[in-house]
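Report on the structure
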Amino acid sequence: MPNQDKIIEEATQVGHQYFIDHYNTEVEFTDHTFMPKDLSHNISLSGHVKNNKETEITILIDYDTFEVQTAVVPKELLDQKIK
(Lines give C-alpha, C1' and ligand atoms only; values in the text may rest on other atoms or scores of the structure.)
Protein backbone atom coordinates (compact mmCIF):
# COMPACT_ATOMS: atom_id res chain seq x y z
CA MET A 1 0.00 0.00 0.00
CA PRO A 2 1.28 3.48 -0.79
CA ASN A 3 2.03 5.95 1.97
CA GLN A 4 -0.84 5.63 4.47
CA ASP A 5 -0.43 9.18 5.79
CA LYS A 6 -0.82 10.55 2.27
CA ILE A 7 -3.95 8.42 1.72
CA ILE A 8 -5.45 9.62 5.02
CA GLU A 9 -4.70 13.25 4.15
CA GLU A 10 -6.23 13.05 0.67
CA ALA A 11 -9.25 11.01 1.80
CA THR A 12 -9.87 13.55 4.57
CA GLN A 13 -9.91 16.40 2.03
CA VAL A 14 -12.30 14.44 -0.21
CA GLY A 15 -14.54 13.67 2.78
CA HIS A 16 -14.66 17.28 3.94
CA GLN A 17 -15.57 18.46 0.45
CA TYR A 18 -18.23 15.74 0.08
CA PHE A 19 -20.08 16.89 3.21
CA ILE A 20 -19.85 20.54 2.15
CA ASP A 21 -21.09 19.77 -1.39
CA HIS A 22 -23.86 17.33 -0.45
CA TYR A 23 -25.01 18.51 2.98
CA ASN A 24 -23.67 22.08 3.26
CA THR A 25 -22.05 20.88 6.50
CA GLU A 26 -18.54 21.04 7.87
CA VAL A 27 -17.29 17.93 9.64
CA GLU A 28 -14.36 16.85 11.76
CA PHE A 29 -12.89 13.39 11.25
CA THR A 30 -11.57 11.83 14.44
CA ASP A 31 -10.75 8.27 13.37
CA HIS A 32 -9.90 6.20 10.31
CA THR A 33 -9.80 2.51 9.43
CA PHE A 34 -8.30 0.82 6.40
CA MET A 35 -10.53 -2.01 5.18
CA PRO A 36 -8.76 -5.35 4.62
CA LYS A 37 -6.96 -5.20 1.26
CA ASP A 38 -8.36 -8.53 0.10
CA LEU A 39 -11.92 -7.19 0.53
CA SER A 40 -11.65 -3.64 -0.81
CA HIS A 41 -9.34 -0.69 -1.21
CA ASN A 42 -11.38 1.56 1.03
CA ILE A 43 -10.66 3.77 3.98
CA SER A 44 -13.40 4.58 6.46
CA LEU A 45 -13.32 8.00 8.11
CA SER A 46 -15.52 8.69 11.11
CA GLY A 47 -16.17 11.77 13.14
CA HIS A 48 -18.88 14.32 13.73
CA VAL A 49 -20.43 17.51 12.48
CA LYS A 50 -18.20 20.46 13.38
CA ASN A 51 -19.23 22.00 16.73
CA ASN A 52 -21.70 19.14 17.35
CA LYS A 53 -20.03 15.99 18.68
CA GLU A 54 -23.42 14.30 19.09
CA THR A 55 -24.03 14.19 15.32
CA GLU A 56 -21.76 11.36 14.18
CA ILE A 57 -20.89 10.71 10.55
CA THR A 58 -18.90 8.09 8.63
CA ILE A 59 -17.69 8.05 5.04
CA LEU A 60 -16.15 5.26 2.98
CA ILE A 61 -13.67 6.31 0.28
CA ASP A 62 -11.83 4.19 -2.30
CA TYR A 63 -8.17 5.04 -1.78
CA ASP A 64 -7.20 4.11 -5.36
CA THR A 65 -9.59 6.58 -6.99
CA PHE A 66 -10.61 8.74 -3.98
CA GLU A 67 -14.26 8.32 -4.96
CA VAL A 68 -16.81 8.31 -2.17
CA GLN A 69 -18.39 4.85 -1.89
CA THR A 70 -20.98 5.67 0.75
CA ALA A 71 -21.66 8.03 3.62
CA VAL A 72 -23.50 7.24 6.83
CA VAL A 73 -25.28 10.29 8.18
CA PRO A 74 -28.02 10.83 10.76
CA LYS A 75 -31.56 11.63 9.68
CA GLU A 76 -31.25 15.35 10.45
CA LEU A 77 -28.45 15.61 7.88
CA LEU A 78 -30.31 13.46 5.34
CA ASP A 79 -33.21 15.86 5.59
CA GLN A 80 -31.01 18.75 4.48
CA LYS A 81 -29.25 16.90 1.64
CA ILE A 82 -28.66 19.10 -1.37
CA LYS A 83 -30.38 17.50 -4.34
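These numbers come from a predicted model, not from an experiment.

What the rule picks out here adds up to 2 salt bridges. In this structure, K50 engages E26 in a salt bridge whose closest nitrogen and oxygen atoms are separated by 3.5 Å. Taken together, the residues K50 in the loop between β2 (42–49) and β3 (52–62) and E26 in the loop between α1 (4–23) and β1 (27–34) connect sequence positions 24 residues apart. The exposure class of K50 is partly exposed, given its relative accessible area of 38%. The closest approach of N and O atoms between D79 and K75, which form a salt bridge, is 3.1 Å. In this pair, the class of D79 matches that of K75, namely exposed.

Before going further, it helps to examine the sheet that holds strand β4 (residues 68–72). Reading across from one edge, β1-β2-β3-β4 is the order of the 4 strands in this open sheet, with antiparallel pairing throughout. Of all strands in the sheet, those bounded by a partner on one side alone are β1 and β4. Looking at each pair of strands side by side, their axes are set apart by 20 degrees on average, direction ignored. Relative to β3, β2 runs antiparallel, the two being bridged by 8 bridges. If you follow G47 over to β3, its bridge partner there is I57.

Rules used in this analysis
- Residues numbered from 1 in each chain as written.
- Predicted model: local features only at pLDDT ≥ 70, side-chain atom pairs only at ≥ 80, totals over all residues.
- Heavy atoms only, no water.
- Salt bridge = Lys/Arg side-chain N within 4 Å of Asp/Glu carboxyl O.
- Helix = DSSP H or I, 4+ residues; strand = E, 2+ residues; numbered from the N terminus.
- Buried < 20%, exposed > 50% of the residue type's maximum accessible area, 1.4 Å probe, protein only.
- Pairing = 2+ DSSP bridges.
- Axes fitted to C-alpha atoms, helices over the stretch in contact; angles between N-to-C directions.

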